[in-house]
Amino acid sequence: MSDRTIVAEETAATGEVTPPGEGTAGSAPAPVPGSESSAAGIAAAGSAAAGSPAAGEQAAAAASGVSQPEGAAAAPASKAGRNLPAALGVGFGLGLSLIAILLFAPKVLIGVIAAAVAVATWEVAKRLREADVLVPRIPLLAGGQAIIWLAWPFGPQGVLGAFGATALTVMVWRLFDHGLRATPRNYLRDSAIGIFTLSWIPLLAAFAVLMLLEDDGNLRVLTFMILVVCSDVGGYIAGVLFGKHPMVPHISPKKSWEGFGGSLVFCVIGGLLTVTLLLQANSMIGVLLGVALVLVATSGDLIESQVKRELGIKDMGTLLPGHGGIMDRLDSMLPSAFVAWLVLTALL
């Protein structure tokens, strides 16, 4: 009779429960009810004992709390971490729609930008409130629309005036949103993040409207959009094929220096072609614009990645299959609109 059988019989006879860590050699410790670490530890121990890939997958599933049907194979994840067919379909659909608007009805784009700003602001405010950051949603939504629409008749003065008025409204609103007799809680933090959101989304988006209002504004906006797409596509291709050296692993683990190099090559070539062929301008302006937009588009992507990391989320929303929310599509577009407006206004 083995030692394990003897112990089992003694335990059954006495009615005692073997304490965790005092069982026979090779046995797993008893889990503590309600403890996630105990489930993960048992799965990991089973995986180590089995020493097989299938056991390792079961351990990972147990550690994450996600159950898998027996015999079901894990779905392969793309290296980019996205549903690629859905992302491509949505991307092409949006791109073709924007090109048609820019070529045949440029002013309609103002309404499209206003709608995108409203949805993106709502997504960010919702995610912030889930993290107990109470940014004032009504002033942000209303003020964001004022910033976009006042750019049309009044130009930069309209944008600046609407931004200043909305920032002040955010500060006052957050001061009294719990009533006149309540003590504000986290006032400084919430007001500051509210003004950050106002600057991040509607203010930067307004520069796309200002660019559109130039004589060849539809072509300028088309140029900057093409370059942001070049940056994304070049970074994706080079990152998937050659990416080995993480760029900023603590902010965006999937972004690599090889991907950044691909973005730079694609964006510079795109800048040369678009500025020369669409805007009929000096090719060196295209090179400068390409380099500038790679830097700022990458920075915009990293800014949103850090915001999502601090909030503990993967995407800002779920509206666009394969992309996430509207804000997940605008992260690199928003700062790029400002830099494109600045460069093209100064040099053309």
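Rules and cut-offs
- Residues numbered from 1 in each chain as written.
- Predicted model: local features only at pLDDT ≥ 70, side-chain atom pairs only at ≥ 80, totals over all residues.
- Heavy atoms only, no water.
- Helix = DSSP H or I, 4+ residues; strand = E, 2+ residues; numbered from the N terminus.
- Salt bridge = Lys/Arg side-chain N within 4 Å of Asp/Glu carboxyl O.
- Buried < 20%, exposed > 50% of the residue type's maximum accessible area, 1.4 Å probe, protein only.
- Phe/Tyr/Trp six-rings, centres within 6.5 Å; stacked < 30°, edge-to-face > 60°.
- Contact = heavy atoms within 4.5 Å.
- Polar contact = N/O pair within 3.5 Å; in protein donor to acceptor, adjacent residues only side chain to side chain.
- Axes fitted to C-alpha atoms, helices over the stretch in contact; angles between N-to-C directions.
- Parallel < 35°, antiparallel > 145°, perpendicular 65-115°, else oblique.
- Left-handed = near helix turned anticlockwise from the far one by under 90°.
- Nonpolar A, V, L, I, M, F, W, Y, C, P; charged D, E, K, R; others polar.
- pLDDT = per-residue confidence, 0-100.
- Disulfide = S-S within 2.5 Å.

## Here's the deal with the environment of Phe104
Next, step 1: Along the polypeptide, Phe104 turns up in helix H4 (residues 84–104).
Next, step 2: C-alpha separation for the pair Phe104 and Asn218, spaced 114 residues apart in sequence, amounts to 9.5 Å.

## Thoughts on the pattern of salt bridges
Next, step 1: In total, this model carries 12 salt bridges according to the counting rule given.
Next, step 2: Asp216 is the partner of Arg220 in a salt bridge, and the nearest nitrogen-oxygen pair spans 2.8 Å.
Next, step 3: Note that Asp328 and Lys308 form a salt bridge whose closest N and O atoms lie 3.2 Å from each other. Within this pair, whereas Asp328 is found in helix H12 (residues 326–330), its partner Lys308 is found in helix H11 (residues 283–311), the two being separated by 20 residues in sequence. Comparing Asp328 with Lys308 shows no difference in burial state: the two are buried.

## Things to note about the packing of aromatic side chains
Next, step 1: Under the criterion given, the structure shown has 6 aromatic pairs.
Next, step 2: With a centroid separation of 4.9 Å and an interplanar angle of 50°, the aromatic rings of Phe207 and Trp341 are classed as tilted. Highlighted residues: Phe207 in helix H8 (residues 187–212) and Trp341 in helix H13 (residues 333–347), separated in sequence by 134 residues. Grouping residues by exposure puts Phe207 and Trp341 together as buried.
Next, step 3: Centroid distance Trp257 to Phe260: 6.0 Å. Interplanar angle 85°. Geometry classified as edge-to-face. Note that Trp257 and Phe260 are positioned in helix H10 (residues 257–277) at a spacing of 3 residues, about one turn of the helix.
Next, step 4: With relative accessibility at 48%, the residue Trp257 sits in the partly exposed group.
Next, step 5: A residue is classified by how much of its surface remains accessible, and Phe260, at 18% relative accessible area, is buried.
Next, step 6: Through a chain of ring-to-ring contacts, three or more aromatic side chains come together here, namely Phe207, Phe338 and Trp341.

## Overview of the environment of Asp132
Next, step 1: As for its placement among the helices and strands, Asp132 is situated in the loop between helix H5 (108–130) and helix H6 (137–149).
Next, step 2: According to the relative accessible area criterion, Asp132 is partly exposed, its value standing at 36%.
Next, step 3: For Asp132 and Asp190, which are 58 residues apart along the polypeptide, the C-alpha to C-alpha distance reads 9.3 Å.
Next, step 4: Dropping the residues within four chain positions of it, Asp132 is found in contact with Arg185 and Arg189.
Next, step 5: Of note is the side chain of Asp132, whose polar atom sits 3.3 Å from the side chain of Arg185.

## A closer look at unusual backbone geometry
Next, step 1: Despite not being glycine, Asp132 shows a phi value in the positive range, around 70°.
Next, step 2: With phi around 55°, Asn186 is a residue other than glycine that occupies positive phi space.
Next, step 3: Inspection of the secondary structure puts Asn186 in the loop between helix H7 (151–176) and H8.

## Looking at the side chain of Ser263
Next, step 1: In this fold, Ser263 is placed in helix H10.
Next, step 2: Residue class for Ser263 comes out buried when judged on its relative accessible area of 6%.
Next, step 3: A polar contact is formed between the side chain of Ser263 and the backbone oxygen of Ser231, at a distance of 2.7 Å.
Next, step 4: Leaving out residues up to four positions away in the same chain, Ser263 has contacts with Ser231, Gly234, Gly235 and Val294.

## As for the packing of H5 against H8
Next, step 1: The contact between H5 and H8 brings their axes to 10 Å, and the two run at 165°. Put simply, H5 runs roughly antiparallel to H8. Regarding H5 and H8, the two cross each other, and that crossing is right-handed. Along the contact surface, H5 presents Leu109, Ile110, Ile113, Val117, Ala120, Thr121, Val124 and Leu128, while H8 presents Ile193, Thr197, Trp200, Ile201, Pro202, Ala205, Ala208, Val209 and Leu212.
Next, step 2: Tallied by class, residues from the contact of H5 with H8 come to 15 nonpolar, 2 polar and no charged.

## Thoughts on the confidence of the model for the protein
Next, step 1: Within the protein, residue pLDDT values average 82, and 76% of them lie at 70 or more.
Next, step 2: For residues 1–77, every residue scores under 50 in pLDDT, and the model assigns this stretch 31 contacts once sequence neighbours within four places are set aside.

## A short note on the state of the cysteines
Next, step 1: According to the stated counting rule, one finds 0 disulfides in the structure shown.
Next, step 2: In this structure Cys230 is not part of a disulfide, and its nearest cysteine sulfur, from Cys267, lies 6.0 Å away.
Next, step 3: Cys230 gets classed as buried once you look at its relative accessible area, which sits at 16%.
Next, step 4: Judged by its relative accessible area of 0%, Cys267 falls in the buried class.

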